[in-house]
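Each chain, written out:
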Amino acid sequence: MKKTVSLILTLVMLASFSPCMAEPSAVPDAGVPVLMYHSISSKYDRSFCVPAQQFDSEMRYLREHDYHSVSPAELYAALTDGTPLPENPVLITFDDGFGDNYKTAWPILKKYGFRATFFIVTNEVGDYSIDWPQLRELADAGNTIGSHTVHHRDLSTLSPGQQKSEIFDSKATLEKQLDIPITTFCIPYGKYNKTTLTLLREAGYTISFTTTEGRVCAGDDIFTLHRVHMIGGTSLESFSSMVSGREKSAK
Ligand SMILES: [Zn+2]
């Protein structure tokens, strides 16, 4: 009897570690962590900057624990068609097109055999940000480039016409410059309204991410997917909990 009770308790505890509680599907019960990075540097005294050494430790942790980086296209196929994902899937994303994404993050990603997704604000490409030749190289190497609008404005405050230009024009610019289809979008500040979601579909995006903390689970709305916030100063122990979904990042 005692054994049965402790078995039930163990099962209940295990179940509580699965934030999605979904029916069987291609997406693991614990959900898929979509890591949201910005700058990989200690240049700015801001929490969204993850120092290179910390980023290297985090990528090494993922490699040593047999995580596999997946693309938005693979996540889309898993969510819509039930196409299986590799074991321990993780989607690594970078917002805003910081120059250090290419100079610092990319060599580290390559070293551990990972690919990532870079969300680009098209009006800011070049100068201090990532530039077009760097983006072409990233795309050629199997990374995904997504739109993060033209000007990084809060879409929920814009008129439908202004939103349309942010959503459509950024896609057209990326496609012209990189000569690849752009189907992934990231909503600035995670702020949107009904018009935003309609326009994203009309423009031909298939998948879109917000800044809402959480993991991606079977049955989630494919245009408002959640991500796990990566910040500077996170210990490897916390990072491990965040990617496994056993703490913090659980919805
Ligand atoms: Zn952003």
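Refer to the structure printed above.
Residues numbered from 1 in each chain as written. Predicted model: local features only at pLDDT ≥ 70, side-chain atom pairs only at ≥ 80, totals over all residues.

Student: Outline the environment of Ala116, listing residues and values.
Tutor: The topology assignment puts Ala116 in the loop between α4 (99-111) and β4 (117-120). Taking the number of C-beta atoms within 10 Å as the measure of exposure, Ala116 has 22 and is therefore buried. Aside from chain neighbours lying at most four places away, what touches Ala116 is Ser69, Ile92, Thr93, Phe94, Leu109 and Asn143. (Helix = DSSP H or I, 4+ residues; strand = E, 2+ residues; numbered from the N terminus. Buried ≥ 20, exposed ≤ 12 C-beta atoms within 10 Å, placed from the backbone. Contact = placed C-beta atoms within 7 Å.)

Student: Tell me what's going on with helix α6 (residues 160-178), and back it up with residues and numbers.
Tutor: The end-to-end C-alpha separation of α6 is 27 Å, in line with the 27 Å expected for 19 residues at 1.5 Å each. All of the buried residues along α6 are Gln163, Glu166, Ile167, Ser170, Lys171 and Leu174. When α6 is viewed along its axis, its buried side chains cluster within an angular range of 105° and face the same direction. Residues of α6 that are exposed and angled more than 90 degrees away from the buried face: Pro160, Gly161 and Lys176. Buried residues along α6 sit against β4, β5 (144-147) and α7 (194-203). (Expected span 1.5 Å × (residues − 1). Arc of directions from axis to C-beta.)

Student: Lay out unusual backbone geometry in plain terms, naming residues and giving numbers.
Tutor: Of note, the phi angle at Asn88 is positive, near 50°, even though the residue is not glycine. Its place among the elements puts Asn88 in the loop between α3 (72-81) and β3 (89-95).

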